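For reference, the chains in residue letters:
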Amino acid sequence: MKEIFESRHFLDNVLKMAATSGFRPRVLGEIDMEGTKVPILSLSRKINRQAPRILISAGIHGDEPAGPHAILSLLESFPDDWPEFKCCHVEIVPLINPSGFDLRQRANREGMDLNRAFGSPAPPPEIRFLMNDFRRRAVDLFVDLHEDVDTPGFYLYELAPSEDKAFGSLIISALRKAGHPINEAPVIEGMAARDGLILRTSRPFPRHFRKGAPQGLYLKKLGARRTLTFETPPGRLLDERVAMHLLSLRTVLSNWVR
Ligand SMILES: [Zn+2]
């Protein structure tokens, strides 16, 4: 897969793929980048009303290109290759931080880490657009695609209803079986980890998000039953990191029972 370095080029590709894969694009809002407007897009594909809802987001950190590229690959292969999605409403936010994507930096061009801004009283526009949309309906499952510059292998965060219902170990074994590297450290990012999984089954929520929270915590507060955050190792080739995200997603979907 050829890497894309420019947000508008990336979003043009997303729109092309969305059109051929049955997704309807919506513009949640536009951000001003040096006089030109760049949209924050959400794609959705709806089926019957009772179906569970999954939200997948990518590109909140601009220097983590595997997530957005995994979305492109997913859209490209969607019509033929993703029967797992037939059971649910799918929403995809392919690129939350276009200015950071263009600058190849974690923060947006104003220097703000957007994944610490959900629920704050004065969020930056990118996050305000998402919060306005997310508040309209709860999702059942939220998946966030990230990369971690410091990790030698894949790992993930999971907020699950209970330990025996967690998907994390299923994801890790699927990746290991496919030959991908796993971060086996007992502590990752200062948190206890077990075989690539940082699991929380209940977590006290900050009473208010005065300074802002990560997207996963915010969605959990809005009612998501389960949130998963995948972290791929940028030391590997883009194709492999995209493959890790997609295999993880497929493992989740094939085990997901509402
Ligand atoms: Zn990240």
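This text follows the structure it describes.
In this report, we go over the structure that sits alongside the text. Keep in mind the model is a prediction, meaning the values are calculated, not measured. (Residues numbered from 1 in each chain as written. Predicted model: local features only at pLDDT ≥ 70, side-chain atom pairs only at ≥ 80, totals over all residues.)

Regarding the overall build of the chain
Right, so step 1: In terms of helices and strands, the chain carries seven helices and 10 strands.
Right, so step 2: For a compact globule of 258 residues, the expected C-alpha radius of gyration is about 18 Å, and the chain comes in at 17 Å, within 12% of that figure.
Right, so step 3: Its C-alpha atoms put the chain at 50 × 45 × 40 Å along the principal axes.
Right, so step 4: Considering the chain as a whole, with its 258 residues, one finds that 43% of them fall into the buried category. (Helix = DSSP H or I, 4+ residues; strand = E, 2+ residues; numbered from the N terminus. Rg over C-alpha atoms; globule rule 2.2 N^0.38 Å. Buried ≥ 20, exposed ≤ 12 C-beta atoms within 10 Å, placed from the backbone.)

A short note on the nonpolar core
Right, so step 1: Among the nonpolar cores identified, the biggest contains 65 residues, and V14, I54, L75 and V143 are the most heavily contacted of them.
Right, so step 2: When residues no more than four places from it in sequence are discounted, the contact partners of V14 are L41, L72, L75 and P94. (Core = buried A, V, L, I, M, F, W, Y, C linked by C-beta atoms within 7 Å. Contact = placed C-beta atoms within 7 Å.)

Section: the packing of helix 5 (residues 168–177) against helix 7 (residues 238–255)
Right, so step 1: Following both chains from N to C, one finds helix 5 and helix 7 inclined at 135 degrees, their axes separated by 9 Å at the closest point. As far as their axial angle goes, helix 7 and helix 5 are oblique. Note on packing geometry: the crossing formed by helix 5 with helix 7 is right-handed. Residue-level inspection shows L170, I171, A174 and L175 of helix 5 in contact with helix 7, the latter providing M244, L247, S248, T251, V252 and N255. (Axes fitted to C-alpha atoms, helices over the stretch in contact; angles between N-to-C directions. Parallel < 35°, antiparallel > 145°, perpendicular 65-115°, else oblique. Left-handed = near helix turned anticlockwise from the far one by under 90°.)

Examining the packing of helix 2 (residues 66–81) against helix 7
Packed helix pairs are characterised by how far apart their axes lie and by the angle those axes make with each other.
Right, so step 1: Where helix 2 meets helix 7, the closest approach of the two axes is 9 Å, and the angle between their N-to-C directions is 70 degrees. Compared by their axis directions, helix 2 and helix 7 come out roughly perpendicular. Two packed elements cross with a definite hand, and for helix 2 against helix 7 that hand is right-handed. Listed contacts from helix 7 to A66, G67, H69, A70, S73 and L74 of helix 2 are L238, R241, V242, H245 and L246.
Right, so step 2: Classifying every residue of the contact of helix 2 with helix 7 gives six nonpolar, four polar and one charged. (Nonpolar A, V, L, I, M, F, W, Y, C, P; charged D, E, K, R; others polar.)

Purely spatial values, then, with no claim about function.
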